[in-house]
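Summary of the model geometry
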Amino acid sequence: MGQSLKIDIPVQISALSDVTTKVEEFCDAADIPMASAFKVNLVIQELVTNSLNHGDFGDRKPEISLSINCDGRQVEMLFEDNAAPFDPFTETPPPDLNSDIGERPIGGLGIHLIRTFSDQSSHEHIDGKNRIRLISPVE
């Protein structure tokens with residue numbers, strides 16, 4: 001039997017600490033090895049931070065939620081927000097990984113990490129929500 005977690009995330013950067021704690025507790029309960037748990041938590045932190053810092057919620061009351069499921073072989077994450085439609089996988093340019101770190105433009109590295117730490121990633125905008133689905137292996 002797998003483990004599941006669902007969180008409605010308050011739309012404030014201070015909520016990130018609580019989300020991180022809940023994800024760590026989930027990973028412990030699901031017996032996810034430390035290296036995989038680190039990747040899952042980093043991916044989720046990037047998604048939450050990007051939504052909080054860059055999401056265009058317009059005049060809508062911001063809503064962010066996260067669902068995580070683990071069957072022992074893989075972790076499936078579903079991140080949703082009601083910001084304006086934005087597909088980070090097609091609308092974010094790849095980061096410059098070759099230049100000196102001081103010369104690199106800001107942006108894109110978080111999405112690069114999300115892609116790197118996930119076997120599968122997808123975005124869709126349905127019912128007024130961005131839905132990012134990620135699947136990461138448990139290693």
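The following refers to the structure shown. (Residues numbered from 1 in each chain as written. Predicted model: local features only at pLDDT ≥ 70, side-chain atom pairs only at ≥ 80, totals over all residues. Heavy atoms only, no water.)

**So, the overall build of the protein chain**
Definition in use: We count a stretch as a helix when DSSP gives it H or I for four or more residues in a row; a strand needs E for two or more, and each element gets its number in order from the N terminus. Every radius of gyration here is taken over C-alpha atoms, with the globule rule written as 2.2 Å times N^0.38, N being the number of residues. Three exposure classes are used, based on accessible area relative to the maximum for each residue type with a 1.4 Å probe and protein chains only: buried under 20%, partly exposed in between, and exposed over 50%. For this analysis, residues touch if any pair of their heavy atoms sits within 4.5 Å. Using the Shrake-Rupley algorithm and a 1.4 Å probe, accessible areas are obtained, with residue cover drawn only from the displayed protein chains.
On a plain count of helices and strands, the protein chain comes out with four helices and five strands. The helix and strand sequence of the protein chain, counted from the amino end, reads β-α-α-β-β-α-α-β-β. Against the 2.2 N^0.38 benchmark of 14 Å for 139 residues, the protein chain shows a C-alpha radius of gyration of 15 Å, consistent with a compact globule. Taken over the C-alpha atoms alone, the protein chain extends approximately 45 × 40 × 25 Å along its principal axes. Looking at the protein chain residue by residue over its 139 residues, the buried ones come to 40%. A separation of at least 24 residues holds for 62% of the contacts in the protein chain among residues at least 6 apart in sequence. When the accessible surface of the protein chain is totalled, it reaches about 8100 Å², and 50% of it is carbon and sulfur.

**Topic: the side chain of S65**
Considering the arrangement of structural elements, one finds S65 in strand β2 (residues 64–70). Beyond its immediate chain neighbours, meaning those up to four positions away, S65 contacts K6, I7, D8, I9, L78, F79 and E80.

**Things to note about the nonpolar core**
Stated precisely, the cut-off is as follows: As used here, the term nonpolar core means buried Ala, Val, Leu, Ile, Met, Phe, Trp, Tyr and Cys residues forming a set that is joined through side-chain atoms within 4.5 Å.
Counting residues in hydrophobic clusters, the biggest one holds 34 residues, and the most contacted among them are I44 and I68. Contributing elements (two or more residues each) for this core: β1 (3–9), α1 (15–29), α2 (34–54), β2, β3 (74–81), α4 (109–116) and β5 (129–137). If you tally residues by element for this core, the top one is α2, at eight residues. For I44, the residues in contact, after removing those within four places along its chain, are V19, V23, L66, I68 and M77.

**Description of the environment of P85**
The topology assignment puts P85 in the loop between β3 and α3 (88–91). Ignoring any residue separated from it by four or fewer positions in sequence, one finds P85 in contact with H125 and N130.

**Overview of unusual backbone geometry**
Of note, D31 is a non-glycine position whose phi angle comes to about 55°, a positive value. Positive phi is not limited to glycine here, since D127 has a value of about 55°. Exposure remark for D127: the relative accessible area of 69% places this residue in the exposed category.

**Observations concerning the packing of α1 against α2**
Let me state the cut-off plainly: What counts as an axis is a line fitted to C-alpha atoms, over the stretch in contact for a helix, and the angles between N-to-C directions run from 0 to 180 degrees. Convention used here: angles under 35 degrees read as roughly parallel, angles over 145 as roughly antiparallel, angles from 65 to 115 as roughly perpendicular, and any remaining angle as oblique. Each helix crossing is assigned a hand: it is left-handed if the near helix lies turned anticlockwise from the far helix by less than a right angle, otherwise right-handed if that turn is clockwise. Three categories are distinguished: nonpolar for Ala, Val, Leu, Ile, Met, Phe, Trp, Tyr, Cys and Pro, charged for Asp, Glu, Lys and Arg, and polar for the others, with Gly belonging to the last.
The N-to-C vectors of α1 and α2 enclose an angle of 155°; their axes lie 10 Å apart at closest approach. Considering their axes alone, α1 and α2 lie roughly antiparallel with respect to each other. Between α1 and α2 lies a crossing whose hand is right-handed. Residues L16, V19, T20, V23, E24 and C27 of α1 lie in contact with α2, whose contacting residues are A37, V40, N41, I44, Q45, V48 and T49. For the contact of α1 with α2, a count of residues per class yields eight nonpolar, four polar and one charged.

Keep in mind these values describe shape, not function.
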